[in-house]
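Single-letter residue listing:
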Amino acid sequence: MQVTRDFSHYVRAAGEGIKHIDLAVEGVHCAGCMAKIERGLSAIPDVTLARVNLTDRRVALEWKAGTLDPVSFIDRLEELGYKAYPYETESAEAAEVAESRFLLRCLGVAAFATMNVMMLSIPVWSGNLSDMLPEQRDFFHWLSALIALPAAAYAGQPFFRSAWRALSNKTTNMDVPISIGVTLALGMSVVETVNQAEHAYFDAAIMLLTFLLVGRFLDQNMRRRTRAVAGNLAALKAETAAKFVGPDEISQVPVAAIHPGDIVLLRPGERCAVDGTVIEGRSEIDQSLITGETLYVTAGQGTPVYAGSMNISGTLRVRVSAASEATLLAEITRLLDNALQARSRYMRLADRASRLYAPVVHATALITILGWVAVGASWHDAIVTGVAVLIITCPCALGLAIPTVQTVASGAMFRAGVLLNSGDAIERLAEADHVIFDKTGTLTLPDLEVTNAADIPADIFDLAGRLALSSHHPVAAAVAQAAGAKSPIVGAVEEAGHGVRATVDGIELRLGRPSFCGAEALISSVTLDPEASIVAFSKDSEKFVLSVRQGLRPDAQAVIAALKARNIGIEILSGDREPAVIAAAHALSIAEWRAGVTPADKIARIEELKRRGVKVLMVGDGMNDAPSLAAAHVSMSPISAAHLSQATADLVFLGRPLAPVVAAIDSARKALHLMRQNLWLAIGYNVLAVPVAISGVVTPLIAAAAMSGSSILVMLNSLRARNASREGL
Amino acid sequence: MEILVILVPLALMLGLAGLAGFLWSLRSGQYDDLDGAAWRAIADDEPPQEAPAKR
């Protein structure tokens with residue numbers, strides 16, 4: 001059978017006779033890499049553009065159509081020492097990029113307007129004290145209005161839209177008081193300018209927008225960056241499937257190019273990337289990523305297989321029912337929908353603050369107006385004072401209090417290897433006081449390792465590793481990797497379902513089932529680990545037994561201890577068999593565990609804890625965990641998790657260690673502390689400033705100074721979230 | 001104070017020119033890779049020729 005790699009799915013036309021492809025590249029982190037890659041790729045004839053994006057870790061490539069195959073770029077990068085894979089922008093990321101650009105444009109407009117209005121305001125402020133002619137002052141006010149009004153109309157869009165959305169849903173958020181404040185300040189200033197009055201607040205209004213846009217943009221930028229990294233990781237997983245393009249010809253195509261009804265070939269040791277039904281072949285499949293069960297399931301004609309299953313022994317032909325993440329078990333879908341609905345009821349700290357804040361501020365302004373009228377001031381003066389109260393209390397600092405901390409904290413988490421999926425995850429994570437771990441793939445590593453390698457003589461282990469290279473079986477692959485084997489033994493023969501054998505210097509070597517190697521007698525003498533797969537190795541008459549299993553994550557014990565030290569409750573909920581769960585629970589000294597739990601049971605347990613007022617952090621990776629990830633107060637998945645779980649989890653952590661879980665909790669707690677502190681700072685500022693505003697002595701100069709002062713204070717305080725992580729472990 | 005008639009439009013024009021420049025740089029993708037741009041500024045130029053060819 002002919003196998004080719006086909007990346008044509010990712011190639012776009014970019015103008016006359018030019019083709020374009022975007023590649024995600026692993027391991028680019030400095031200027032040196034950038035120059036090396038660009039030179040290396042530009043050296044290929046007919047390449048017209050090779051440009052690295054160091055922020056997103058991607059390469060954009062263009063070449064003259066017809067001459068080059070995208071595969072050659074990936075091979076070239078491999079020679080240079082970088083792993084690369086074509087990358088396709090998902091719609092979610094494209095939307096983030098567009099939003100980020102829009103905010104930057106708004107920020108540019110607002111900053112331009114602020115600078116120019118300030119330039120006009122300063123002469124007015126100083127002129128009011130000295131001898132500026134009223135005509136000149138009015139002229140400057142008119143000019144300010146000319147700049148500020150269109151600029152505010154454009155740059156205020158993000159706030160006005162969000163406020164409108166909130167109001168039409170009959171709720172309120174921070175953008176409602178912001179929009180009201182800005183609109184009233186501008187409106188009043190126009191009226192005052194027409195009436196040739198002394199004070200106008202164009203400068204304060206437009207400066208408020210600028211400060212808030214800075215916070216918004218930083219927040220959005222961090223989110224965009226996280227999304228880009230997550231997109232790269234997804235691309236670098238390089239999920240492909242062997243699709244039949246002819247009766248006997250297969251092509252290795254990206255999963256995105258597979259459609260329902262296609263037939264794919266699933267070889268031993270491959271992970272299935274699609275959902276479908278077996279139409280030919282017999283094999284054992286490992287569905288632990290879907291059900292949590294580590295025992296293999298027999299698959300034959302008619303057996304449904306799901307994306308994420310690992311094929312163990314035989315070759316299967318699978319008819320695709322849905323590509324990648326489109327469908328899954330109906331039960332899981334239903335549970336997931338229910339759980340997601342429950343979650344959306346969480347109200348963010350900022351919204352809770354604004355729900356209290358907006359009525360208080362607006363009531364204060366109203367009372368100020370009525371109060372001044374009651375003591376005999378004219379309606380005009382009373383309204384001007386009331387609007388001044390709104391301007392001075394306009395939640396500049398309050399609007400920055402949370403996004404700035406969030407930006408800095410998510411940056412710190414990013415460096416600790418944690419990606420944020422949802423904006424309010426930090427707040428919810430900080431509140432978590434009980435962690436539920438899934439076992440398979442979460443506490444344990446997703447790949448297999450040899451546990452008794454130390455008991456085997458090094459030369460024997462090496463030989464076993466080399467022999468294992470000739471087998472596709474995942475257990476054999478684990479042996480080969482553990483032995484660090486590079487060169488396969490020539491002439492090795494694989495007997496499907498039994499093992500591999502070879503003859504070297506007249507000595508027969510066998511690796512496989514104990515019966516295949518004549519090593520049944522040894523099995524009873526090895527302390528049997530319920531989770532382990534046993535492989536035997538025989539060299540002539542010498543026999544050895546290797547125990548292969550999913551090992552615990554290297555630092556799992558330390559992480560559990562660190563969580564306990566933080567007074568966080570821990571338990572294991574696993575879909576796996578009891579002996580396997582007990583073994584893990586003992587090794588990690590976790591007292592509370594439940595084995596053989598179904599997705600519905602997991603949710604029931606979480607609901608039970610919820611009723612007792614416990615805030616649950618669920619850490620899991622399997623498809624069976626997805627509903628409970630959604631049901632929990634906050635959730636986390638390793639990057640190796642099933643698609644669905646990763647999409648549902650609030651946070652995703654990278655790499656082999658479990659330490660990011662603790663780092664994320666620490667960062668989140670510190671961040672929440674700082675958010676609260678910032679809110680108090682903002683409130684403190686208002687308590688000082690509001691009496692001044694009510695008394696009616698606020699000038700535009702005081703308003704501008706107070707606003708920038710409090711904003712800068714809050715921003716500086718937020719920066720303290722930077723060094724929150726990497727403590728205590 | 002008649003000078004204002006010249007200075008104020010001049011100031012506005014300069015400001016608008018700055019804004020136009022910013023919007024242009026945004027549109028032409030100059031903010032897409034801030035990390036890379038920082039390094040490109042100090043990167044060496046292309047080597048004159050492939051070194052082995054000279055020897």
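Residues numbered from 1 in each chain as written. Chains lettered and ligands numbered in written order. Predicted model: local features only at pLDDT ≥ 70, side-chain atom pairs only at ≥ 80, totals over all residues.

Things to note about the sheet that holds strand β17 (residues 434-437) of chain A
Residue and element names in this part refer to chain A. Which entries qualify depends on this criterion: A pair of strands is treated as paired once DSSP finds two or more bridges between them. Secondary structure is summarised from DSSP: a helix means a run of H or I of at least four residues, a strand means a run of E of at least two, and numbering begins at the N terminus for each. Only the contacting stretch of a helix is used when fitting its axis, a line to C-alpha atoms as for every element, and angles between N-to-C directions run 0 to 180 degrees.
Read across the open sheet, the seven strands follow the order β16-β28-β27-β26-β17-β24-β25; overall the sheet is mixed. The open sheet terminates on both sides in strands that have one partner only, identified here as β16 (418-420) and β25 (592-594). Sheet twist, expressed as the average angle between the axes of neighbouring strands with direction ignored, equals 20°. In this sheet, β25 lies alongside strand β24 (residues 569-573) in parallel orientation, the contact comprising three bridges. In the strand pairing of β25, glutamate 571 is matched with glutamate 592.

A short note on helix α11 (residues 379-393) of chain A
All names here are of chain A. Here is the rule we go by: Helix span is expected to be 1.5 Å times the residue number reduced by one. Remark: C-beta atoms are placed from the backbone, and a residue is labelled buried if 20 or more other C-beta atoms sit within 10 Å of its own, exposed if 12 or fewer do, or partly exposed between those counts. Our contact criterion uses C-beta atoms placed from the backbone: two residues qualify when those atoms are within 7 Å.
Under the 1.5 Å per step criterion, the end-to-end length of α11 is 21 Å for 15 residues, consistent within 8% with the ideal 21 Å. For α11, the tally of buried residues reaches 11 of 15 residues, placing the bulk of the element in the interior. Considered for burial, the residues of α11 that qualify are Ala382, Val384, Thr385, Gly386, Val387, Ala388, Val389, Leu390, Ile391, Ile392 and Thr393. For α11, the secondary structure elements touched by its buried residues are α6 (175-194), α7 (202-236), α10 (349-374), α24 (659-694) and α25 (700-718).

Some details on the interface of chain B and chain A
Interfaces are often sized by the accessible area lost when the parts come together. In plain terms, the rule: Polar here means any residue other than Ala, Val, Leu, Ile, Met, Phe, Trp, Tyr, Cys and Pro, which are nonpolar, and Asp, Glu, Lys and Arg, which are charged; Gly is therefore polar.
Contacts between the two partners involve 18 residues from chain B and, on the opposite side, 18 residues from chain A. The set of elements that each furnish at least two residues to the side of chain B that touches chain A consists of α1 (4-27) and α2 (34-40) of chain B. The greatest single-element share of the side of chain B that touches chain A, amounting to nine residues, is contributed by α1(B). A per-class count over the side of chain B that touches chain A returns 12 nonpolar, three polar and three charged.

What to know about the confidence of the model for chain B
All names here are of chain B. Cut-off, in case you're wondering: The predictor reports its confidence for every residue as pLDDT, a score running from 0 up to 100.
Taken residue by residue, chain B gives an average pLDDT of 78. The fraction at 70 or more is 76%. Between the elements of chain B, mean pLDDT differs from a low of 46, seen in helix α3 (residues 51-54), to a high of 89, seen in α1. Here the prediction assigns the complex a pTM of 0.77, and the interface score ipTM is 0.81.

So, the UniProt feature "transmembrane region" (unreviewed entry) in chain B
Which entries qualify depends on this criterion: UniProt positions are given in the numbering used here, feature names are shortened, and annotations may be inferred rather than shown by experiment.
When the UniProt feature table is mapped onto this chain numbering, "transmembrane region" (unreviewed entry) sits at residues 6-26 of chain B. In residues 6-26 of chain B, helix accounts for 100% and strand for 0%; the two terminal C-alpha atoms are 30 Å from one another.

Remarks on the sheet that holds strand β22 (residues 533-539) of chain A
Residues and elements named next belong to chain A. Here six strands make up an open sheet; going across it, the order is β18-β23-β22-β21-β20-β19 and the pairing antiparallel. The two strands at the open ends of the sheet, each matched to only one other strand, are β18 (444-450) and β19 (493-495). Strand-to-strand twist across the sheet, computed as the mean angle between neighbouring axes with direction ignored, equals 15°. Pairing of β18 with strand β23 (residues 542-552) involves four bridges; the strand directions are antiparallel. Each residue of the ladder has a partner; that of threonine 444, found in β23, is leucine 552. Set on the sheet, helix α15 (residues 458-468) makes contact with β20 (499-504), β21 (507-512), β22 and β23; between it and β21 the angle comes to about 70°.

A closer look at the nonpolar core
Residues and elements named next belong to chain A. Selection criterion: A set of buried Ala, Val, Leu, Ile, Met, Phe, Trp, Tyr and Cys residues, joined to one another through C-beta atoms within 7 Å, is what we call a nonpolar core. The split into domains, and so the bounds of each, comes from an automatic or database assignment of domains.
Ala110, Ala205, Ile206, Leu429 and Leu651 are the most contacted members of the largest nonpolar core, which totals 168 residues. Residue contributions to this core peak at 17 residues, all from α24. Looking at this core, you find at least three residues from each of domain 2 (240-323) and domain 3 (417-444 + 553-669). Among residues more than four places away in sequence, those in contact with isoleucine 206 are Ala110, Ala113, Thr114, Val117, Ala148, Ala151 and Ala152. Ranked by size, the runner-up nonpolar core spans 28 residues in total, among them Leu511, Ala532, Val545 and Leu546.

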